[in-house]
Amino acid sequence: MRASQKDFESALSQVKLLKDPGNEVKLKLYALYKQATEGPCNTPKPGVFDLINKAKWDAWNALGSLPKETARQNYVDLVSGLSSSSDSSSQVKPEADRKQRGYETLVVTSEDSITKIMMNRPAKKNAITTQMYNEIMLALKAASKDDSAITVLTGNGDYYSSGNDLSNFTDIPPEGIEEKAKSSAILLRDFVDCFIDFPKPLIAAVNGPAVGISVTILGLFDTVYASSRATFHTPFSHLGQSPEGCSSYTFPKIMGPAKAAEMLIFGKKLTAAEACAQGLVSEVFPDSTFQKEVWTRLKAYSKLPPNAMRISKQVIRNREKEKLHAINAEESRVLQERWLSDECTNAVMNFLTRKAKL
Ligand SMILES: CCCCCCCCCCC/C=C/C(=O)SCCNC(=O)CCNC(=O)[C@H](O)C(C)(C)COP(=O)(O)OP(=O)(O)OC[C@H]1O[C@@H](n2cnc3c(N)ncnc32)[C@H](O)[C@@H]1OP(=O)(O)O
């Protein structure tokens, strides 16, 4: 059955209510509309620099001598197809579709062009076990290839993360502590390399206190938002350890050597406001509105052209990459030795036997 003028008019009203179907479809709609109402294109071709009008002219001209009635019918069919697909895509996707399965220590979701990686061991203050290091690496690798524009790391519960899970030190294989230190240094190096190489904008939403490695790697993020309740703390000397996450380079660069030394050598704890004043944090939000304000901001950012954002990140970061990989390798090598020291063993034992908290 041929589309009537009434069908065509109703399609014209319907099209105004549709979600933006993208430029390609908009050009098709334009061309069919012109063909249906004016017949074949016989206006002069716009100049090469008049890009938009030239694209429209090309689309219309491509319809050749298609009869007006057929163009009208095609327009009505196209709008009807768009309406039904937009009805189904506007339905809320079931939770199971949005959540990426297969992680035990994380909840990973992708929505609104944002991949959110949430550390999910709230009862242990999101302490990072060997399994969590591996899962974060997997999630970052997947996020670097998915169709999201930006990636966010955050924590579930009252902490962002209490850093390395100190029970990682008790899980010693039969080959002995040296072997464990060696494999842990490789794990650490690989973990930090994933942040150095991550190609899309990477944002930390620091929902609460952050300790150790969860703080040091912030220097490798593009933006860091913090709740007013967050604190930042790297108690390496207390633990007989030394800095990682490239912080021996990024922290002095971000906050100056004197402030960096207070954090990295003396374990000074910064409030969110102090961390922001020193350049480690981009912006602090009141804890009561943190989630709402951060996600509203990120949803707006995620609509920016993704390729432009990736390229801007490359321009900002690429010249430092080689240096960062070398620093990461060196920090991991030094830590491998530190883990075998009495200072480190005693500090970890004190925590695990509940004699000390940091
Ligand atoms: C041979 C070498 C192997 C090494 C393998 C290493 C792999 C790579 C390492 C990379 C280097 C990283 C370095 C760091 O991140 S250093 C920082 C380490 N973190 C800490 O030292 C923090 C320790 N935790 C605390 O001081 C307190 O728990 C904290 C102040 C964070 C919170 O105190 P609060 O009183 O509020 O809460 P609880 O102490 O009762 O905590 C609740 C439960 O969570 C457990 N918890 C918390 N943090 C950790 C942690 N980091 N590791 C292990 N467990 C942690 C805590 O024990 C409580 O558990 P229970 O309820 O079971 O008692």
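Residues numbered from 1 in each chain as written. Predicted model: local features only at pLDDT ≥ 70, side-chain atom pairs only at ≥ 80, totals over all residues. Heavy atoms only, no water.

The protein chain is annotated in an unreviewed UniProt entry as Enoyl-CoA delta isomerase 2 isoform X4 from Acinonyx jubatus. One UniProt comment on the protein chain, placed under Subcellular location (unreviewed entry), says "Peroxisome". (UniProt positions renumbered as here; feature names shortened; annotations may be inferred.)

Scanning the protein chain for helices and strands turns up 14 helices and ten strands. For 358 residues, the compact-globule estimate of 2.2 N^0.38 gives 21 Å, and the C-alpha radius of gyration of the protein chain, at 27 Å, exceeds that figure by more than 25%. Expressed along its principal axes, the backbone C-alpha trace of the protein chain runs to roughly 85 × 45 × 40 Å. The buried share of the protein chain, reckoned over its 358 residues, is 44%. Summing over all exposed atoms, the protein chain offers an accessible surface of approximately 18,800 Å²; the carbon and sulfur share of this is 55%. Counting 46 positive and 41 negative side-chain charges, the protein chain places the centres of these two groups 4 Å from one another. (Helix = DSSP H or I, 4+ residues; strand = E, 2+ residues; numbered from the N terminus. Rg over C-alpha atoms; globule rule 2.2 N^0.38 Å. Buried < 20%, exposed > 50% of the residue type's maximum accessible area, 1.4 Å probe, protein only. Areas by Shrake-Rupley, 256 points an atom, 1.4 Å probe, with all protein chains shown as cover. Lys, Arg positive; Asp, Glu negative; His and termini not counted. Charge placed at Lys NZ, Arg CZ, Asp CG, Glu CD.)

As a further point, take the sheet that holds strand 1 (residues 99-100). Spatially, the seven strands line up as an open sheet ordered 1-2-3-4-5-7-10, and their pairing is mixed. This sheet does not close on itself; its edge strands, each paired only once, are strand 1 and strand 10 (283-285). Examined bridge by bridge, strand 5 (residues 202-206) and strand 7 (residues 223-227) share four bridges and lie parallel to one another. Bridging from a neighbouring strand, Ile-203 pairs with Thr-223 of strand 7. Each of strand 3 (114-119), strand 4 (150-155), strand 5, strand 7 and strand 10 is contacted by helix 12 (residues 290-301), which is oriented at about 160° to strand 7, the strand it contacts most. (Pairing = 2+ DSSP bridges. Contact = heavy atoms within 4.5 Å. Axes fitted to C-alpha atoms, helices over the stretch in contact; angles between N-to-C directions.)

So, on to a nonpolar patch on the surface. There is a patch of nonpolar side chains on the surface, built from Ile-172, Ile-177 and Leu-340 and spanning about 210 Å² of accessible area. The exposure class of Leu-340 is partly exposed, given its relative accessible area of 36%. (Patch = residues over 30% accessible without salt bridge, like charges linked within 9 Å, V, L, I, M, F, W, Y side chains within 5 Å. Salt bridge = Lys/Arg side-chain N within 4 Å of Asp/Glu carboxyl O.)

Our next topic: the environment of Glu-293. On the secondary structure map, Glu-293 appears in helix 12. Given the relative accessible area of 34%, Glu-293 is considered partly exposed. Residue contacts for Glu-293: discarding those within four places in its chain leaves Phe-285 and Pro-286. A distance of 2.7 Å separates the side chain of Glu-293 from the side chain of Thr-289, its partner in a polar contact. (Polar contact = N/O pair within 3.5 Å; in protein donor to acceptor, adjacent residues only side chain to side chain.)

Let us now look at helix 2 (residues 23-38). Each α-helix winds once per 3.6 residues, and so residues spaced three or four apart point in a common direction. Along its 16 residues, helix 2 runs 22 Å from first to last C-alpha, staying within 8% of the 22 Å computed at 1.5 Å per residue. The complete set of buried residues in helix 2 reads Val-25, Leu-29, Ala-31, Leu-32, Lys-34, Gln-35 and Ala-36. Following helix 2 by one or two positions, Gly-39 adopts a phi angle in the positive range, close to 85°. (Expected span 1.5 Å × (residues − 1).)

What follows concerns the nonpolar core. Counting residues in each nonpolar core, the largest one holds 62 residues, and the members touching the most others are Phe-195, Val-206, Phe-221 and Phe-232. Considering each element in turn, this core owes the most residues, nine residues, to helix 7 (residues 177-197). Non-local contacts of Phe-221, meaning those with residues more than four positions away in its chain, are made with Leu-153, Tyr-160, Phe-195, Leu-202, Ile-203, Ala-204 and Arg-317. (Core = buried A, V, L, I, M, F, W, Y, C linked by side-chain atoms within 4.5 Å.)

Take Ala-31: it is sitting in helix 2. Here the alpha-carbon distance between Ala-31 and Val-108, two residues 77 residues apart in the chain, equals 42 Å. The residues contacting Ala-31, other than those within four sequence positions of it, are Ala-59, Trp-60 and Leu-63.

The final tally for this structure, using the stated rule, is 17 salt bridges. Across the pair Glu-343 and Arg-338 runs a salt bridge, and its minimum N-O distance is 2.9 Å. When salt bridges with common partners are traced through the structure, they connect Asp-222, Lys-313 and Arg-317 into a single cluster.

One way to put it is that helix 2 packs onto helix 3 (residues 51-61) with a least axis distance of 8 Å and a crossing angle of 60°. Classified by the angle their axes make, helix 2 and helix 3 are oblique. Seen from above, helix 2 lies across helix 3 with right-handed handedness. Touching Leu-27, Tyr-30, Ala-31, Lys-34, Gln-35 and Glu-38 of helix 2 are Ala-55, Lys-56, Ala-59 and Trp-60, all from helix 3. Residues of the contact of helix 2 with helix 3, tallied by class, amount to six nonpolar, one polar and three charged. (Parallel < 35°, antiparallel > 145°, perpendicular 65-115°, else oblique. Left-handed = near helix turned anticlockwise from the far one by under 90°. Nonpolar A, V, L, I, M, F, W, Y, C, P; charged D, E, K, R; others polar.)

Once that is clear, we can look at the packing of aromatic side chains. In this structure the tally under the stated criterion is eight aromatic pairs. Ring centres 5.3 Å apart and planes at 75° place the aromatic pair Phe-8 and Tyr-75 in the edge-to-face group. One end of the pair, Phe-8, is in helix 1 (residues 5-17); the other, Tyr-75, is in helix 4 (residues 68-90), and 67 residues separate them in sequence. Seen from their ring centres, Phe-195 and Phe-221 are 5.6 Å apart, and the 35° between their planes marks the pair as tilted. Of the two residues, Phe-195 sits in helix 7 while Phe-221 sits in the loop between helix 8 (213-216) and strand 7, which places them 26 residues apart along the sequence. For the pair formed by Phe-195 and Phe-221, the shared burial category is buried. Ring pairing ties together the aromatic residues Tyr-133, Phe-191, Phe-195 and Phe-221, which thus form one cluster. Here the basic side chain of Lys-56 rests over the ring of Tyr-30, its NZ or CZ set 5.0 Å away from the ring centre. (Phe/Tyr/Trp six-rings, centres within 6.5 Å; stacked < 30°, edge-to-face > 60°. Lys NZ or Arg CZ within 6 Å of the ring centre and 35° of its normal.)

The predicted model of the protein chain averages 92 in pLDDT, with 94% of residues at 70 or higher. Scored below 50 in pLDDT, residues 88-94 shows two contacts in the model against residues more than four places distant or in partner chains. Quick note on the complex model: pTM equals 0.78, ipTM equals 0.99. (pLDDT = per-residue confidence, 0-100.)

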